[in-house]
Amino acid sequence: MGSHDLDFLFIGAGILGSAGAYALSKKLGERGVKAAVGVIDIDMEGEHSSTLKNAGGVRATWRNRANIEFCKYSIDFYESIAEIIQFRELGYFWMHGARSWREIIENHPLYEEYGLPVELYPAEEVPSILPLVDNLEGIEGLSVSRKAGLIDHYSLREFYRGEARKNGVRFFDRCYAARVSVERERAKEVTAYDIAGFNKDRGAMEERVEEILVDDAVDHDLPGIVFRCGTLINTAGAWAPRISALYGFKDEGIMPRRRQMVVLNCPGVDLSPYGMLIDTSDIYFHKEGANIVAGYSNTDEPYGYNFEFSFGGLSEESPFVKHIWQPLWKRMSAFERVKFIRGWAGMYAETPDRSGYLGRVPGLENVYECEAHTGRGLMISYGAASALADLLVDGKFREELRHAEDLSRERTSGPLFEGLHL
Ligand SMILES: Cc1cc2nc3c(=O)[nH]c(=O)nc-3n(C[C@H](O)[C@H](O)[C@H](O)COP(=O)(O)OP(=O)(O)OC[C@H]3O[C@@H](n4cnc5c(N)ncnc54)[C@H](O)[C@@H]3O)c2cc1C
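Residues numbered from 1 in each chain as written. Predicted model: local features only at pLDDT ≥ 70, side-chain atom pairs only at ≥ 80, totals over all residues. Heavy atoms only, no water.

1. A word on the site of the ligand
Piece 1. Near the ligand lie 37 residues; those nearest to it are Asp41, Thr51, Gly57, Thr374 and Met379.
Piece 2. With respect to the ligand, the side chain of Asp41 contributes an N or O atom lying 2.7 Å from an oxygen atom.
Piece 3. Within the backbone of Gly375, a nitrogen or oxygen atom sits 3.1 Å from a nitrogen atom of the ligand.
Piece 4. Expressed as a share of its isolated accessible area of 1,000 Å², the protein-covered part of the ligand is 97%. (Near = heavy atom within 4 Å. Polar contact = N/O pair within 3.5 Å; in protein donor to acceptor, adjacent residues only side chain to side chain. Areas by Shrake-Rupley, 256 points an atom, 1.4 Å probe, with all protein chains shown as cover.)

2. Thoughts on the environment of Ile225
Piece 1. Counting through the fold element by element, Ile225 comes out in strand 11 (residues 224-234).
Piece 2. On the accessibility criterion, Ile225 (13% relative accessible area) is buried.
Piece 3. As for Ile225 and Leu24, which are separated by 201 residues in sequence, their C-alpha atoms are 24 Å apart. (Helix = DSSP H or I, 4+ residues; strand = E, 2+ residues; numbered from the N terminus. Buried < 20%, exposed > 50% of the residue type's maximum accessible area, 1.4 Å probe, protein only.)

3. Here we look at helix 1 (residues 15-30)
Each full turn of the α-helix corresponds to 3.6 residues, which orients residues three or four apart in the same direction.
Piece 1. If you check helix 1, its first and last C-alpha atoms are 22 Å apart, about what 16 residues at 1.5 Å a residue would give, namely 22 Å.
Piece 2. Counting buried residues in helix 1 gives 13 out of 16 residues, a clear majority hidden from the surface.
Piece 3. A positive backbone phi angle near 70° is found at Gly32, which sits one or two residues after helix 1. (Expected span 1.5 Å × (residues − 1).)

4. What to know about the environment of Gly203
Piece 1. Mapped onto the elements, Gly203 comes out in helix 6 (residues 202-215).
Piece 2. Taking relative accessible area as the criterion, Gly203 reaches 44% and is therefore assigned partly exposed.

5. Observations regarding the pairing of strand 4 (residues 92-96)
Piece 1. Summarising burial for strand 4: 5 of the 5 residues are buried, a large majority.
Piece 2. The sheet contact formed by strand 4 and strand 13 (residues 276-278) spans 3 bridges and is parallel. What sits directly across from Phe93, in strand 13, is Leu277. (Pairing = 2+ DSSP bridges.)

6. Overview of the domain arrangement of the protein
Piece 1. Each assigned domain of the protein is listed here: domain 1 (2-53 + 154-252 + 356-407) and domain 2 (89-148 + 256-350).
Piece 2. Of the roughly 1,200 Å² buried between domain 1 and domain 2 on both sides combined, carbon and sulfur atoms contribute 63%.
Piece 3. Taken as a group, Lys53, Ala238 and Thr374 account for 43% of the area that domain 1 buries against domain 2, more than any other trio of residues on that side.
Piece 4. Inspection of the domain 1/domain 2 interface yields 0 salt bridges.
Piece 5. Inspection of the domain 1/domain 2 interface yields 4 residue pairs in polar contact (both at pLDDT 80 or more).
Piece 6. The greatest single-element share of the side of domain 1 that touches domain 2, amounting to 3 residues, is contributed by helix 6.
Piece 7. Here the residues of the side of domain 1 that touches domain 2 sort into 6 nonpolar, 6 polar and 3 charged. (Domains from an automatic or database assignment. Buried area = accessible area lost by both parts, 1.4 Å probe. Salt bridge = Lys/Arg side-chain N within 4 Å of Asp/Glu carboxyl O. Nonpolar A, V, L, I, M, F, W, Y, C, P; charged D, E, K, R; others polar.)

7. A short note on the packing of aromatic side chains
Piece 1. Under the definition given, this model contains 17 aromatic pairs.
Piece 2. Between Trp325 and Trp329, the ring centres sit 5.6 Å apart and the planes meet at 15°, which makes this aromatic pair stacked. Within this pair, Trp325 and its partner Trp329 are both found in helix 8 (residues 319-331), separated by 4 residues, close to a single helical turn.
Piece 3. Taking the relative accessible area as the measure of exposure, Trp325 reaches 18% and is therefore buried.
Piece 4. Members of the aromatic cluster, connected to one another through ring pairs, are Tyr22, Tyr73, Phe77, Tyr78, Phe87, Phe159, Tyr160 and Tyr382.
Piece 5. In this arrangement the basic side chain of Arg242 is found over the ring face of Tyr305, its NZ or CZ atom lying 4.6 Å from the centre.
Piece 6. The positively charged end of Arg259 is found above the aromatic ring belonging to Tyr348, 4.8 Å away from the centroid. (Phe/Tyr/Trp six-rings, centres within 6.5 Å; stacked < 30°, edge-to-face > 60°. Lys NZ or Arg CZ within 6 Å of the ring centre and 35° of its normal.)

This is how it looks when you write it as structure tokens:
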């Protein structure tokens, strides 16, 4: 059984594990601290990670200060590396129904306080801003958030990893964390199964990885690797509760839920002036190359790890037709001729108040978590990673991220409910 000694070990190398390792290694370097930082993942490529399944949207229009600060801090950073991550800062155009219109009006003073440019327009002005819209039914108003847009999630993750590697971070692929030994309220070591030798055929390996991530069904005869760690950080996304269980924390705050996205083609519909668009029906959509990517979060979706894509087909019963095409066509008649191209399913890690967790795990001295930022893991990643690094190295947060403490498990300032959540 191989082994490694690490000062900091992240479990999960999605956008948050990769960003966390980058921010931590950068901060340690700035402080002149030499420390061994490692990140393990069963699936470093991220075929099943939420990081490669998302819509690429970034905005800071939340209700709670912690989420606003994290996203604003991230967007400032994304602006500085815009070309590398293909940041198209073309805004968020949100057509609101009554409930979300009330919410954005209530939140607006906070956006002003944070210097976020968010314009609010009455429904009758929608066609002058979005000429494609020819049916205003159900629209109470339109918000246009300018410090917002689209980024390429793959490029951002690779940026974090590349910079982290330059700072000496080690990434261990095909390692599935299966055991954490805890002594006197401290995590001592993580035993991971090394599935690298399982099958050389890429397709078969992907199937096996999916089975493990869906069912937690791992072959206990596989070789193990021991990672002794000074500090353990759970960044396993929708699988974070499984890792929590390994160190004895009963995590009832995070539930995995399937979310689906489709790629469609629609001749004559030009979305190139806009970043993300959102309809009152909660469909979000944007231009991606020559096509359009659209998503819809059906609220009746049961919890569970389900990667099956079920939004295909053109029959009347098809969820694609019912939840995506019909509402889009109803709002914009130019969507009449649509060609369905493909789609995929990924995981949301949902919490009761729709805000994530960042902080030390209650009852454990050296275990931290940064997870379940639900539909905002990408847009929050740099701010969350910087706050995590502050906590790990300095034990306190920098001024711009001072509300980070609200995201602790204890929710010391109360629940951080987010209504403008998709
Ligand atoms: C359809 C959809 C649309 C979305 N749209 C947006 C959007 O527009 N903007 C936005 O900001 N966010 C969006 N999100 C949310 C965003 O994708 C997530 O919040 C973010 O990717 C979470 O990143 P993560 O690093 O926490 O998790 P992940 O990317 O899922 O990474 C977790 C990693 O942990 C690994 N892992 C799990 N268990 C183990 C184990 N036992 N051992 C080793 N490794 C393990 C997994 O292999 C995985 O790579 C969307 C999500 C979905 C599904």
